[in-house]
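Chain by chain, the residues run as shown.
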Amino acid sequence: MSILKNKKIAIVGGGPGGLTLARILQMKNADVKVYERDAGKDARAQGATLDLHYESGLKALREAGLMDAFMANYRPGADRMRVTDKHANLMMEDADREKGNEEYFRPEIDRGPLKKILLESLLPDTVIWNSHFVSLTRLDSGWQLTFRDGTTATADIVIAADGANSKIRPYITPIKSFYAGITVVEGAVYNSATASPNVHHLLQNGKIFAMGDDKTLIISSKGDGSLVFYTGCKTDEYWSRDCGIDFSDKAQVFAWFKTTFAGWAPVWDELFENASAHFVTRPLYCMPLDQTWEAFPDLTMLGDAAHLMPPYAGEDVNMAMLDALELGQCLTSNAFPDTLSAIAFYEQQMRIRAAETAAMSLESTDALHSPDAIPFIRQVVS
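Since this is a predicted model, take the numbers as computed values, not measurements.

Q: Is there a simple way to explain the sheet that holds strand 9 (residues 143-147) in this structure?
A: With respect to topology, 3 strands assemble into an open sheet ordered 8-9-10, the strand pairing being antiparallel. The two strands at the open ends of the sheet, each matched to only one other strand, are strand 8 (133-138) and strand 10 (152-155). Across the sheet, the mean angle from the axis of one strand to that of its neighbour is 25°, orientation sign disregarded. Direction of pairing for strand 9 relative to strand 10: antiparallel, over a ladder of 4 bridges. By the bridge assignment for strand 10, L145 is matched with A153.

What follows is the structure, encoded as structure tokens:
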């Protein structure tokens, strides 16, 4: 750990990537703090379930010594994937990924329990809550971080784990993401067994991919009895801003769905009729596959901040956790003479890996919103 001797590390962002990195660094006795804008660990409802992959997310948990905790909290059977057409006819089912070769083991865990596992693995007071990052100022040695409430902190190394709209990324590179052509409308239904019984039965505690007319409807069960769902449509980049729909008005969103998804089975109406009031729109973006930048000795990034991509390859959280593992290993390795060498090596490998995954994600995004969506997903899963 010599290159980190007497160095304070600040991680901005307390998602799975940032928390995994903090755990990996603390295992080697590094001095690390995580600055998270949420007011506390329960401040925000956690979104869809996550499927962790053997070679990335699960690898990070294994190296972090957290697999026992994970196995006690994951949801057996939740990786069941059912593919339907727009009429809710079952076209294929993939329910066997928990069997056989462990490399195909892609267990599902809700975001809340995963976050709890990671938080409980850290030293007390590692996470500084209610720290909404505003700006970085270079000091003679290291950085000063300024937060929205006027507080400041100093660090020798700053790591951006602050997601798709990272405020730290522009300090590293001016390269921006491009629009991937799809906008998602996200909603949630609580107590789905009673609120949307027909969809709940079709879901069978797993996931549904419904596809047709160059559109997608993805539904995911959660361990608390709720479900989350995501429509995917080809739109202009600023459609959600310019369409005139008030996405906090359930009736307006339902009317949009009935028009845009005309001809889809009535069973899907249950989602919009019984959703919680507020919907979230997400135009999907991707970083250029050939992005590059000069490494800093005291500033780097991971996860969506580094390589934002559409979610249709299921790699987002896995990539962030693998970034965290590899960056943590580089910074605590004796193989590098200084932090610049360690960070430069990590970033080079991360960009290569992320470009390959982003290319796959863009291919999936296009294919799932095409007339050949169901044949494509059959080929991928088989």
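Q: What exactly am I supposed to notice about the packing of helix 1 (residues 16-26) against helix 12 (residues 316-331) here?
A: Packed helix pairs are characterised by how far apart their axes lie and by the angle those axes make with each other. Contact pair helix 1 / helix 12: the axes reach a minimum separation of 8 Å and the direction vectors enclose 25°. Put simply, helix 1 runs roughly parallel to helix 12. Read as a crossing pair, helix 1 and helix 12 show a hand that is right-handed. For the pair helix 1 and helix 12, the contacting residues are P16, G17, T20, L21, I24 and L25 in the first and V317, A320, M321, A324, L325, L327, G328, Q329 and L331 in the second. Among the residues making up the contact of helix 1 with helix 12, the classes are represented as 11 nonpolar, 4 polar and no charged.

Q: Would you take a moment to explain the sheet that holds strand 15 (residues 227-234) for this structure?
A: Within a sheet, each strand pairs with its neighbour through backbone hydrogen bonds, oriented either parallel or antiparallel. Spatial strand order, 5-4-13-14-15-12-16: 7 strands in an open sheet with mixed pairing. Here the strands that pair on one side only, and so sit at the sheet edges, are strand 5 (90-94) and strand 16 (280-286). Mean inter-strand twist for the sheet, computed between neighbouring axes without regard to direction, equals 20°. Direction of pairing for strand 4 (residues 81-85) relative to strand 5: antiparallel, over a ladder of 4 bridges. Among the inter-strand pairings, R82 is bridged to a residue of strand 5, identified as E93.

Thresholds applied
Throughout this description, residue numbers start from 1 for each chain and increase along the sequence as written. Reporting of local features is limited, given that this is a predicted model, to residues whose pLDDT is at least 70; pairs of side-chain atoms are given and counted only at 80 or more, and all residues count toward the totals for whole chains, interfaces and linings. Side-chain calculation: all heavy atoms of the structure are included, whereas hydrogens and water are not. Following DSSP output, two strands are said to pair if at least two bridges run between them. Secondary structure counts use DSSP, requiring at least four H or I residues in a row for a helix and at least two E residues in a row for a strand, with both numbered from the N terminus. Here an angle of 0 to 180 degrees is reported between the N-to-C directions of two axes, which are lines fitted to C-alpha atoms, with helices fitted over the stretch in contact. An angle below 35 degrees is treated as roughly parallel, one above 145 as roughly antiparallel, one from 65 to 115 as roughly perpendicular, and anything else as oblique. By convention the crossing between two helices is left-handed if the near helix lies anticlockwise of the far one by an angle smaller than a right angle, and right-handed if it lies clockwise. Any two residues whose heavy atoms approach within 4.5 Å at even a single point are treated as in contact. Note on residue classes: Ala, Val, Leu, Ile, Met, Phe, Trp, Tyr, Cys and Pro are nonpolar, Asp, Glu, Lys and Arg are charged, and everything else, Gly too, is polar.

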